[in-house]
Amino acid sequence: MREARTTCPYCGVGCGVLASVEEERIVEVQGDPTHPANFGRLCVKGSALHETLGSQGRLTQPRVDGVEVDWETALATVAERLTAVRDRHGSQALAAYLSGQLLTEDYYVANKLFKGFLGTPHLDTNSRLCMASAVAAHKRAFGADAVPCSYEDLEEAELVVLVGSNLAWNHPVLYQRLKVAKQRNPLLRVVVIDPRVTDTCEIADLYLGLKPGSDARLFTGLLAWMAERNRLDRVYLEAHAQGIEEALAAAREQDASVEAIAADCDVDAERLETFFYWFATHLHVVTLFSQGVNQSSSGTDKGNAIINCHLAGGKIGLPGAGPFSITGQPNAMGGREVGGLANQLAAHMDYDTPGARDRVTRFWATERLVPCLPEAPGHKAVALFEAIERGEVQALWIMATNPAVSLPRADRVRAALAKCPLVIVSECMADADLLACADIVLPASSWSEKDGTVTNSERCISRQRGLLPPPGEARHDWWIVCEVARRLGFGEAFDYAHPCEIFDEHARLSGFENGEGPGESPRLFDISGLAGLDRGAYDALAPIQWPVNAAAPHGTARLFTDGRFATPDGRARLLPVRPRPPAQALDAARPLRLNTGRIRDQWHTMTRTGRAPRLMNHRAEPFIEVAPEDAAEWGVEEQALARLTGAGGHYVGRVRVSRGQRRGEVFVPMHWSGHFSGSARMGELLEAHLDPFSGQPESKHGAVSLEPLPLDWEATLLVADDLGVAETTWCDESRYWARIPLADCQRWQLAGDEPGACAGMEKVERDWLAWLEARLPVAPTLWCSDPASGRLRAAGVDERGRLRWWFMSGPPRELPNLAWLAERFGEAARSEGVTAAQRRRLLAGCDDGAANQGPVVCSCHQVGQRAILGAIREGDDSVEALGARLACGTQCGSCIPELKSLIEEEKAHAGAEPTEVTAVA
Ligand code: SF4
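Residues numbered from 1 in each chain as written. Predicted model: local features only at pLDDT ≥ 70, side-chain atom pairs only at ≥ 80, totals over all residues. Heavy atoms only, no water.

1. Some details on empty space enclosed by the protein
Next, step 1: Under the counting rule described, the total for this entry stands at three cavities of 30 Å³ or more.
Next, step 2: In this structure, the largest cavity occupies an estimated 80 Å³ of space.
Next, step 3: Lining the largest cavity, in full, are Cys8, Tyr10, Cys11, Val13, Gly14, Cys15, Leu42, Cys43, Lys45, Gly46, Pro172 and Val173.
Next, step 4: Secondary-structure elements contributing two or more residues to the lining of the largest cavity are α1 (44-47) and α7 (172-184).
Next, step 5: Split by residue class, the lining of the largest cavity holds nine nonpolar, two polar and one charged.
Next, step 6: Taken as a whole, the second largest cavity encloses approximately 50 Å³ of empty space.
Next, step 7: Around the second largest cavity sit 13 residues that line it, and Ser859, Cys860, Cys892, Ser894 and Cys895 are the ones nearest its centre. (1 Å grid on protein atoms, 1.4 Å probe; cavity = no way out; pocket = protein on both sides within 12 Å on 5 of 7 lines; lining within 4 Å. Points joined across faces, edges and corners; volume = space filled by probe spheres on them. Helix = DSSP H or I, 4+ residues; strand = E, 2+ residues; numbered from the N terminus. Nonpolar A, V, L, I, M, F, W, Y, C, P; charged D, E, K, R; others polar.)

2. Topic: the site of the ligand
Next, step 1: Close to the ligand lie Cys8, Tyr10, Cys11, Gly14, Cys15, Leu42, Cys43, Lys45, Gly46, Pro172 and Val173.
Next, step 2: When atom positions are compared with the pocket grids, the ligand is found to occupy the largest cavity.
Next, step 3: Across the shell around the ligand, the residue classes break down as eight nonpolar, two polar and one charged. (Near = heavy atom within 4 Å. Sits in = over half its atoms within 2 Å of the grid points.)

3. Structural notes on the packing of aromatic side chains
Next, step 1: On inspection of all chains with the given rule, the structure shows 26 aromatic pairs.
Next, step 2: On the basis of an interplanar angle of 80° and a centroid distance of 6.1 Å, the ring pair of Phe219 and Phe275 is categorised as edge-to-face. On the criterion of sequence distance, the pair formed by Phe219 in helix α8 (residues 215-228) and Phe275 in helix α12 (residues 269-281) is long-range, its members being 56 residues apart.
Next, step 3: We classify Phe219 as buried; its relative accessible area is 1%.
Next, step 4: A ring pair is formed by Phe525 and Trp546, whose centres lie 5.1 Å apart and whose planes are at 90°; its orientation type is edge-to-face. (Phe/Tyr/Trp six-rings, centres within 6.5 Å; stacked < 30°, edge-to-face > 60°. Buried < 20%, exposed > 50% of the residue type's maximum accessible area, 1.4 Å probe, protein only.)

4. Focus: the pairing of strand β23 (residues 592-597)
Next, step 1: The element β23 is extensively covered by neighbouring structure, given that six of its six residues are classed as buried.
Next, step 2: Residue alternation in β23 divides its side chains into two sets, Leu592, Leu594 and Thr596 and Arg593, Asn595 and Gly597, and both sets are buried.
Next, step 3: Note: β23 against strand β28 (residues 702-708), three bridges, orientation antiparallel. Considered in β28, the bridge of Leu594 is made with Gly702.
Next, step 4: Examined bridge by bridge, β23 and strand β27 (residues 665-669) share five bridges and lie parallel to one another. Counted as the bridge partner of Asn595 is Phe667 from β27. (Pairing = 2+ DSSP bridges.)

5. Comments concerning the sheet that holds strand β5 (residues 67-68)
Next, step 1: Here seven strands make up an open sheet; going across it, the order is β5-β4-β18-β17-β16-β6-β7 and the pairing mixed. Of all the strands in the sheet, just β5 and β7 (123-125) have a single pairing partner and so form its edges.
Next, step 2: Of the strand pairs in this sheet, strand β16 (residues 395-399) and strand β17 (residues 422-427) are connected by five bridges, and their pairing is parallel. Paired with Ile398 across the strands is Val425, a residue of β17.

6. Considerations on the pattern of salt bridges
Next, step 1: The tally for this structure, following the rule as stated, stands at 65 salt bridges.
Next, step 2: Linking Arg885 and Glu874 is a salt bridge whose minimum nitrogen-to-oxygen distance equals 2.9 Å. Taken together, the positions of Arg885 in helix α29 (residues 879-886) and Glu874 in the loop between α28 (865-873) and α29 put the pair eleven residues apart, joining distant regions of the chain.
Next, step 3: A residue is classified by how much of its surface remains accessible, and Arg885, at 42% relative accessible area, is partly exposed.
Next, step 4: Each of Glu72, Glu483, Arg486, Arg487 and Asp495 takes part in one network of salt bridges that share partners. (Salt bridge = Lys/Arg side-chain N within 4 Å of Asp/Glu carboxyl O.)

7. Observations concerning the side chain of Ser809
Next, step 1: Mapped onto the elements of the fold, Ser809 is located in strand β34 (residues 803-809).
Next, step 2: The class for Ser809 is buried, based on a relative accessible area of 3%.
Next, step 3: Among the polar contacts made by the side chain of Ser809, one reaches the main-chain amide nitrogen of Leu792 at a distance of 2.8 Å.
Next, step 4: Dropping the residues within four chain positions of it, Ser809 is found in contact with Glu714, Ala715, Trp768, Gly790, Arg791 and Leu792. (Polar contact = N/O pair within 3.5 Å; in protein donor to acceptor, adjacent residues only side chain to side chain. Contact = heavy atoms within 4.5 Å.)

8. Thoughts on the nonpolar core
Next, step 1: Among the nonpolar cores identified, the biggest contains 149 residues, and Ile193, Leu218, Phe219, Phe275 and Leu644 are the most heavily contacted of them.
Next, step 2: Counting 54 residues, the second-largest nonpolar core is a separate cluster that includes Ala346, Phe363, Leu373 and Ile440. (Core = buried A, V, L, I, M, F, W, Y, C linked by side-chain atoms within 4.5 Å.)

9. Section: the sheet that holds strand β32 (residues 782-785)
Two pairing modes exist for strands in a sheet, parallel and antiparallel, and in both the strands are linked by backbone hydrogen bonds.
Next, step 1: Spatially, β30-β31-β29-β34-β33-β32 is the arrangement adopted by the six strands of the open sheet, whose pairing is antiparallel. Unpaired on one side and paired on the other, β30 (736-741) and β32 mark the two borders of the sheet. Each adjacent strand pair in this sheet contributes to an overall mean axis angle of 10°, direction not counted.
Next, step 2: Pairing of strand β29 (residues 713-720) with strand β31 (residues 745-752) involves eight bridges; the strand directions are antiparallel. Considered in β31, the bridge of Leu718 is made with Arg747.
Next, step 3: In the packing of helix α26 (residues 818-829) onto the sheet, the strands contacted are β29, β31 and β34, and the crossing angle to β34 comes to about 155°. (Axes fitted to C-alpha atoms, helices over the stretch in contact; angles between N-to-C directions.)

10. Here's the deal with α29
Note that an α-helix has 3.6 residues per turn; residues three or four places apart therefore point the same way.
Next, step 1: Listed as buried for α29 are Val879, Leu882 and Gly883. Down the axis of α29, the buried set is contained in an arc of 100°. They therefore lie on one face. Opposite the buried face of α29, by more than 90 degrees, sit the exposed residues Glu880 and Ala884.
Next, step 2: Tucked into the core, α29 has its buried residues touching α28 and α30 (896-909). (Arc of directions from axis to C-beta.)

11. Thoughts on the packing of helix α17 (residues 381-389) against helix α19 (residues 410-419)
Next, step 1: It is at 8 Å that the axes of α17 and α19 come closest, and there the two elements cross at 45°. Classified by the interaxial angle, the pair formed by α17 and α19 is oblique. Crossing angle aside, the handedness with which α17 passes α19 is left-handed. Residue-level contacts link Phe385, Ile388 and Glu389 of α17 to Arg412, Val413, Ala416, Leu417 and Lys419 of α19.
Next, step 2: The residue inventory of the contact of α17 with α19, partitioned by class, reads five nonpolar, no polar and three charged. (Parallel < 35°, antiparallel > 145°, perpendicular 65-115°, else oblique. Left-handed = near helix turned anticlockwise from the far one by under 90°.)

12. What to know about α19
Next, step 1: For α19, the set of buried residues is Ala410, Val413, Ala416 and Leu417. Along the axis of α19, the buried positions cluster into a sector of 115°, meaning they face one direction only. Counted as exposed and oriented over 90 degrees from the buried face of α19: Ala418 and Lys419.
Next, step 2: Against the buried residues of α19 lie α17, β16, α18 (403-406) and β17.

13. Some points on unusual backbone geometry
Next, step 1: Omega for the bond connecting Trp546 with Pro547 falls within 30 degrees of zero, at 5°, which places this linkage in the cis form.
Next, step 2: Take Pro547: it is sitting in the loop between β21 (544-545) and β22 (572-573).
Next, step 3: Positive phi, close to 75°, is recorded for Ala887, a residue that is not glycine.

14. Digging into the environment of Glu202
Next, step 1: Here Glu202 shows up in the loop between β9 (189-193) and β10 (206-208).
Next, step 2: You can call Glu202 buried: its relative accessible area is 16%.
Next, step 3: The spacing of Glu202 and Leu803 is 601 residues in sequence and 44 Å in space, taken between C-alpha atoms.
Next, step 4: Apart from the residues lying within four places of it in its own chain, the contact partners of Glu202 are Tyr175, Lys179, Ile896, Pro897 and Lys900.
Next, step 5: Only 3.0 Å separates the side chain of Glu202 from the side chain of Lys179, close enough to count as a polar contact.

In structure tokens:
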């Protein structure tokens, strides 16, 4: 067994991982104690990484027009068809859509091929949906897309303000670091500003549950308040910034009284003033913001409203101080470094950067090419798919992302893809639903196989190492791009033998003529100090924060410490911000505000995390979170199925009534694709309103209606993975379905509205048994029905005594504990039949009468909500006591806020005095 260092492929924290590798298998992962992002911690997603591997379900062979081919045929066809489109329609008809999942080296060669050699600017990335507004705000304020802070600034701050960020779920290790810092330093205060009461509020000294979209009003109000009370740092502003008067004038266009701001933001005025006071009177303030700010039609302005307050108070460039945009994806920052956004050219140079086009042309030696480098920016994500819809873009290469789920108007995206004459998809998973849209499918390598670098939210470049060989014919993305480039005639420029050679070129370009042009300020993204690494040095590269150059050979933890910014005059810019409401208007037909986001245990469209059964148990089905008053008003009930209707379609999920949800607003997760549920793609609910500067869509502010889903029946079906059934039969005939992978079987939640299916016990028995017999290769062997409820339970056991399927009619809240049944399917996978005693318990679904334990709260130890509530009722009313009894919360700690909430809820129900977690301190 050997141990290897690599980096987690999920969120923007970028944790270091120690992987134990045995015979081409990763048997265990742990946090890397030496990595500066996590110092040995991992969240539940990271600690389940080894459970998501394996060749099962992987895409292992290229396909052209649905036919499996060898690589030579696939690559030649890609080159031929791209050439044909370019010859016929010009370079502007070619486009690429990339992902923050790609490594920097993959990104670099894709950007170089499309912009440098194919001459099209239309290369964008799903990072557009994540942090493009923060990028635009950085550029406007600092002159460069540069995050000033490091993670250690969160620990050194006196005040940490979290805006639009559920850090506890979306960046769990960073949240744990902040929590520990707060325990060590009781003077460190945390303010959470978010429309939803999330698990992050566990550590909040002050919570502001603002009206969605009112962030800019809140921060322009703060600026005016600081000016009014003489809390601006006039010395800093005089020396290092410009624009304060214009920013203040804009802030004062609206009533700047605390009462008026509080009313506009719908928060308590006293709490708001407390926040203003805390912000103004502390120097070491970090404001960490994320998608809640960025995913807005005015996200760039919101970012600048936050940055304005930091500049105005001189709270930047110091330990524990600065605005801190945290990215969602593992390599969103790396993509920005190479120029992987449509408005960028390369290496933090934009089209309008003086001399940039000429410099990049010379560096890539594309002078003799026709067409040469594009002259103007390309289509940003949403505009790109509109251009495809209009027929202007005729060929699209998608790598490692699924725009048909995550983009607004996902229905139109799918229609556009269906219209596009050439769609090339590079993908790891054989069942990704995007493959149905592809003319050419290219099997790509995945985490643990890929070899390269990623950059996390604090500008830290880390190695993601190739530890295992890719399965079958899967290949690295950089290799695929370079092989296509060769067949297009650009072999000399793409003649890399290893990603270290690409990284070297990327590092050299970052330093190439950097700051040498007349009147040009140096480009902050400069890793020229990492140029020239040989293979050994690249393999051994330790995490390091850029800039890394002659002036900073060991990297740079904090930017702007000397008060000099990357603008031509070295001074930061405060921007006049005029708050605007969300562009998606509510009306009588769609009266509820839709918020979208991530959940604790899942990542993106679940193509990876969906392979780890224990990650599926926290939130097993798509859901709709709704305030109790709205649930009553719209007639939906806890755990019942309900439907949202939005701009382009419907979304069906199970209702979760939550007191943390504001009235008039609902929340849905972003993760479910058509592979996991038939009608839970949140992108179909959203209109495509974009921020005018960043092009980022307004994914946090949809407008929807809510109604109960009329149903006549619900059922649960568990089917052994190796049974070989055509699942579409029950998907097509169900009004709702969700697929939940367990270890050796698939759980299907089904619901329909054909009258009569549940009309009487005899009919139920007859109908369901016939239904099962018609769809499953093993006939019902055991069954029973409950005369009182009319519910049927049935199971199919084959001639070798193996459990092949299990069924229960009725809603899932009546399920037994499925862990016992999952064990029987595990035995069946090992060709073991059920024992006589087990067979007698099959229909009960458990051996001890245990009921379904409810949603799993602690994913590390698989502890369900019912067991936790039972322990609380027996007196274990602290996290420590629950941990001692059930082990929940004792590993990664991600579930601790939820444990605390359950304790609080139980106390409230029992009439005990609840603890006020969000009180003004
Ligand atoms: S916090 Fe993010 S990077 Fe770290 S282990 Fe969890 S998902 Fe991976």
